[in-house]
Amino acid sequence: MHWLIKYRWISLLIAFAIIPFLWSGIEKAVQVDNRLSIWFLEDDLQLAEYYEFQDKFGNDELLFILLKNEKSVLDQEFLNNLEKLTDSIEKLDRVEKVFSPTNLKIPNSNTFGINQFSRFQEPKFTIDKRKEILEMNPALGDILFNQDQTAAAILIQPKKYENYEAERADFIAEVKGLSFQYFDNDKLHFAGIGVIYNALNQLSEKEFALFLGIAYAIIFLLTIIIYRQLSILFYVLLVIILANCFTLGLYGLVDLQLNLMSSLIPIIISLLGVMDIVHIVNQHQKYMASDKSGLSAMRSAIKPCLFTSLTTMAGFLALYVSPMSILEDFGLYAAIGIFFSLLFSFLLAPIFLPYIKIHRRYFPFEKLIPRSQFFTSKNQKSILIIASLIVLVSLLGLIQIKTNSDTLGYFPQNHEVYQDNKIIEDIYGAYLPIEYLITATGGNQNKLIQSTIDWTDEVNHSINGIERTLGFHTLFETAFKREYKEKWRQAIESKGLVNRTELQLKKHYTDLFQSFNHEESNTYRVTFFTKMLSANEMTAKINQINDLANQHFDNNTQVSVAGYQPMYASIITFVIKTQVYSLVLAFIMVFVLLWWIVKRIRLAVLATSINLLPVLVVFGVMGWFNINLDTATASLAAIILCICIDDTIHFVHNFLKNKGGKNQSIEEAIDSTLKWVGKAIIISSLLLFLGFGSMIFASLNTVFYFSLLISIAVLVAVISQLFLFPVLLFKFAKK
């Protein structure tokens, strides 16, 4: 410890000198990014299959625009504006293809091979004639219009390139800007996976800055109220600034950016970092009478603070076993941030402790500790009964927990994305694509087309929620129905007619044909459209479609779900694995560390087990109040265990020191421990409770539930530390 005092100013200068080298990383890190790849590990098979799908068919992140016209979207003026908008969008550099009513080619006769075509918006067509055209092309008309023709749809496929996700926000803003030039805002609604990701980025970035500022304000306000000394305030401020700068700098230097989960890291660092300072200052107050109070305080606090940091880091590092990249990175860099908080708390202690004076009325809850001690001593049996009832009720809630994830559910119901989705589904219907790929090795294209038509027809009629289908078969079906009317079924059995039709499709509908056929791999694409679904609902829907596919295709044909949706559905499996693996690993790591610290296996078991109570209560709350186990709550158990264990370690460390070093009785050792450590426990818990609790006002439901449940856990933990743990410790120590 002497070297920390001797080289305190040099250490501070070195820390500040390093920050400029980290600055580019900090700038990179604070650019929020919720791209798809952050959810999956680099070697994930599904992610590789998704990229392969994009290589064949391009970017599947379609931007959907619904345009309303109460009169009729078949009206000439509306179509003229729609044509101008479509042409403008097609000219954008980031656009690959646009599917719109105004770039739909209409053959001028029933003969499919004719080389003359008209456009849907040409003035020669009356509204009735346009309705007739749609009746002749029901599949395409169903995709581009709603049933009563009061709304039309544009589907925009962005180009696939390396920086698309980084430029997504600019692309969407560009499309919206063009749309507003031709149509009123209330006539336009936007949807699609890209729109959701973009909105998540914007909300994450906004709330990251807002709640980080609120967390700082709470820390500073409570520091002033409790300690009433600017020296402690500056101490706190400098520690959390340095810890955040170093953590975010490293985070950005490895090309990572903040996302839904990692945007919580600076707040976690700030709140947990203060806890070490609270215990250092608490020890300093204890040794104020000594000439070397600062050195004594640091020596007294280093061991328990090191142990608490190690256990908290262990909890976050336990998330590294998660199959989800977003939680793996979150756990790793939260642990790194906690390490930096510990490091700077002790590096800066020799600078600030000499300026911290004793303030005998610094603790506003001075009378709470003796009252809790008195209550505990008189009501031990009642406390155990109440704790048992809480455990029972929590267990009943635990068995009711449901595992699910709903991307749209991340947003509040008044958010633009949520409202646009509701309006689109009410007026237009299903628009969310579920992609399927068909690979045939038999070579019988006629049979493949017929089987696909039969399969998709049965899916549309028997599976609730599948409202539209578009695929390679749709192009053949539309052509044959137009050419051969009621005899199209017989005609499509002709290999010659199918080959002739395929040549005409390639020639006149090149973009559309290539969108559903990858000739190099002999792969065909079919897209089902459904409404926005949760992960569980999506999994059920995919399983139903797969079951019907098995009934319609032979062994020579491979039918597989592709694109984004199967990855979305698999998140539930990842969530369950994360919760189970991380909690088990965290429990083992914490128990081993505690055993190493206290050198008593029964005491280590007791100290670890008492901190499972907050975890159990949180699970009970989730079950009773229908809070799903999802991406926001998947990491909670391990984090709660290792945050709450901190106070227990300080308690046990001081208890053993009082009982063994000072030869105090069990009652005296517990009372002495509560007298000093109890203050720090209440202060640190108050900071955590208010800090995390402030985030319940977040717009993102992921942040709301994370902060709410952590706050509940902190409250349960501090109550159990002050009342339940002393009772159990007393009974354990007597034995």
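Residues numbered from 1 in each chain as written. Predicted model: local features only at pLDDT ≥ 70, side-chain atom pairs only at ≥ 80, totals over all residues. Heavy atoms only, no water.

Engineer: How do you make sense of the side chain of Gln 157 when you look at a structure like this?
Structural biologist: Along the polypeptide, Gln 157 turns up in strand β5 (residues 151-158). With relative accessibility at 5%, the residue Gln 157 sits in the buried group. A distance of 3.0 Å separates the side chain of Gln 157 from the backbone oxygen of Phe 57, its partner in a polar contact. (Helix = DSSP H or I, 4+ residues; strand = E, 2+ residues; numbered from the N terminus. Buried < 20%, exposed > 50% of the residue type's maximum accessible area, 1.4 Å probe, protein only. Polar contact = N/O pair within 3.5 Å; in protein donor to acceptor, adjacent residues only side chain to side chain.)

Engineer: Whenever I open this one, the environment of Ala 301 confuses me. Can you help?
Structural biologist: Structurally, Ala 301 can be placed in helix α11 (residues 293-317). In this structure, the C-alpha to C-alpha distance between Ala 301 and Ile 423, residues 122 residues apart in sequence, is 59 Å. Apart from residues lying up to four places away in sequence, Ala 301 is in contact with His 279, Ile 280, Gln 283 and Phe 346. (Contact = heavy atoms within 4.5 Å.)

Engineer: Before we go on, may I ask you to explain a nonpolar patch on the surface in this structure?
Structural biologist: Taken together, Ile 385, Leu 389, Leu 392, Val 393, Leu 395, Leu 396, Leu 398, Ile 399, Trp 624 and Phe 625 make up a surface patch of nonpolar side chains, about 980 Å² in accessible area. Examining the composition of the nonpolar patch, we find that 7 residues originate from one element, helix α14 (residues 380-398), more than from any other. (Patch = residues over 30% accessible without salt bridge, like charges linked within 9 Å, V, L, I, M, F, W, Y side chains within 5 Å. Areas by Shrake-Rupley, 256 points an atom, 1.4 Å probe, with all protein chains shown as cover. Salt bridge = Lys/Arg side-chain N within 4 Å of Asp/Glu carboxyl O.)

Engineer: Can you walk me through unusual backbone geometry in this structure?
Structural biologist: Trans peptide bonds make up the majority, and among non-glycine residues the majority have a negative phi. At Lys 485, a position not held by glycine, the phi torsion is positive, near 50 degrees. In this structure, Lys 485 sits in the loop between α17 (472-484) and α18 (488-491). Unusually for a residue other than glycine, Asn 626 sits at a positive phi of about 55 degrees. Residue placement: Asn 626 occurs in the loop between α24 (612-624) and α25 (636-661).

Engineer: Looking at this structure, how should I read the packing of helix α8 (residues 193-227) against helix α26 (residues 666-693)?
Structural biologist: Two packed helices can be described by the angle between their axes and the distance between those axes. Packing of α8 against α26 leaves a shortest axis separation of 10 Å and a crossing angle of 150 degrees. The orientation of α8 with respect to α26, classified from their angle, is roughly antiparallel. Judged by the twist between their axes, the crossing of α8 over α26 is right-handed. Of α26, the residues touching α8 (which contributes Ile 218, Ile 219, Leu 222, Ile 226 and Tyr 227) are Ile 683, Leu 686, Leu 687, Leu 690 and Gly 691. (Axes fitted to C-alpha atoms, helices over the stretch in contact; angles between N-to-C directions. Parallel < 35°, antiparallel > 145°, perpendicular 65-115°, else oblique. Left-handed = near helix turned anticlockwise from the far one by under 90°.)

Engineer: Is there a simple way to explain the sheet that holds strand β6 (residues 188-191) in this structure?
Structural biologist: Each strand in a sheet pairs with its neighbour through backbone hydrogen bonds, running either in the same direction (parallel) or in the opposite one (antiparallel). Overall, antiparallel pairing links the 4 strands, which are arranged β2-β5-β1-β6 in an open sheet. The open sheet terminates on both sides in strands that have one partner only, identified here as β2 (95-99) and β6. On average, each strand axis in the sheet is tilted by 20 degrees relative to the strand beside it, whichever way the strands run. Bridging between strand β1 (residues 63-68) and β5 involves 6 bridges; their strand directions are antiparallel. Paired with Phe 64 across the bridge in β5 is Leu 155. Along the sheet face, helix α4 (residues 76-90) touches β1, β2 and β5 and points at about 5 degrees away from the line of β5. (Pairing = 2+ DSSP bridges.)

Engineer: In this structure, what is going on with the pairing of strand β8 (residues 468-471)? I would like to understand it.
Structural biologist: Here β8 shows no split at all, with Arg 468 and Leu 470 on one side and Thr 469 and Gly 471 on the other all buried. Relative to strand β10 (residues 523-530), β8 is paired through 4 bridges, and the arrangement is antiparallel. Across the sheet, residue Arg 468 finds its bridge partner in β10, namely Phe 529.

Engineer: Looking at this structure, I do not really get the packing of aromatic side chains. What am I missing?
Structural biologist: Taken as a whole and judged by the stated rule, the model has 28 aromatic pairs. When the centroid spacing of 6.1 Å and the interplanar angle of 85 degrees are considered together, the rings of Phe 180 and Phe 190 count as edge-to-face. In this pair, Phe 180 sits in helix α7 (residues 164-182) while Phe 190 sits in strand β6, placing the two residues 10 residues apart along the sequence. Three or more aromatic residues joined by ring pairs form one cluster here, namely Phe 246, Phe 339, Phe 340 and Phe 344. The ring of Phe 190 is capped by Lys 176, whose NZ or CZ atom sits 5.2 Å from the centre of that ring. Sitting over the ring of Phe 516, Arg 525 keeps its end group 5.6 Å from the ring centre. (Phe/Tyr/Trp six-rings, centres within 6.5 Å; stacked < 30°, edge-to-face > 60°. Lys NZ or Arg CZ within 6 Å of the ring centre and 35° of its normal.)

Engineer: Can you help me understand a negative patch on the surface in this one?
Structural biologist: Taken together, the side chains of Asp 87, Glu 90, Glu 96 and Asp 511 make up a negatively charged region of the molecular surface. Mapped onto the fold, Glu 96 is located in strand β2. (Lys, Arg positive; Asp, Glu negative; His and termini not counted. Charge placed at Lys NZ, Arg CZ, Asp CG, Glu CD.)

Engineer: How do you make sense of the pairing of β5 when you look at a structure like this?
Structural biologist: The side chains of a regular strand alternate between both faces of the sheet. With 8 of its 8 residues buried, β5 lies for the most part within the structure. For β2 and β5, the ladder comprises 4 bridges, and the chain directions are antiparallel. The residue of β5 that forms the bridge with Lys 97 is Gln 157.

Engineer: Teacher, can you tell me more about the side chain of Asp 647 here?
Structural biologist: Along the polypeptide, Asp 647 turns up in helix α25. Side-chain polar atoms of Asp 647 contact the side chain of Ser 685, separated by 3.4 Å. Sequence-distant contacts of Asp 647, that is, excluding residues within four places in its chain, are made with Met 275, His 279, Ile 681, Ser 684, Ser 685 and Gln 721.

Engineer: Teacher, can you tell me more about the packing of α7 against α8 here?
Structural biologist: Where α7 meets α8, the axes come as close as 10 Å, and the angle between the chain directions of the two elements is 110 degrees. As far as their axial angle goes, α8 and α7 are roughly perpendicular. Crossing of α7 against α8: the hand is left-handed. Taking contact as the criterion, the partners of Arg 168, Ala 169 and Ile 172 in α7 are, on α8, Gly 194, Val 195, Tyr 197, Asn 198 and Asn 201.

Engineer: Can you walk me through α4 in this structure?
Structural biologist: An α-helical segment advances 3.6 residues per turn. Residues three or four places apart therefore align on the same side. With 15 residues, α4 extends 21 Å from end C-alpha to end C-alpha; this agrees with the ideal 21 Å at 1.5 Å per step. Taken as a whole, α4 has its buried residues at Phe 78, Leu 79, Leu 82, Leu 85, Thr 86, Ser 88 and Ile 89. Each element contacted by the buried residues of α4 is listed here: β1, β2, α5 (127-136), β5 and α7. N-capping of α4 is provided by Asp 75, with a side-chain oxygen placed 3.2 Å from the backbone N of Glu 77. (Expected span 1.5 Å × (residues − 1).)

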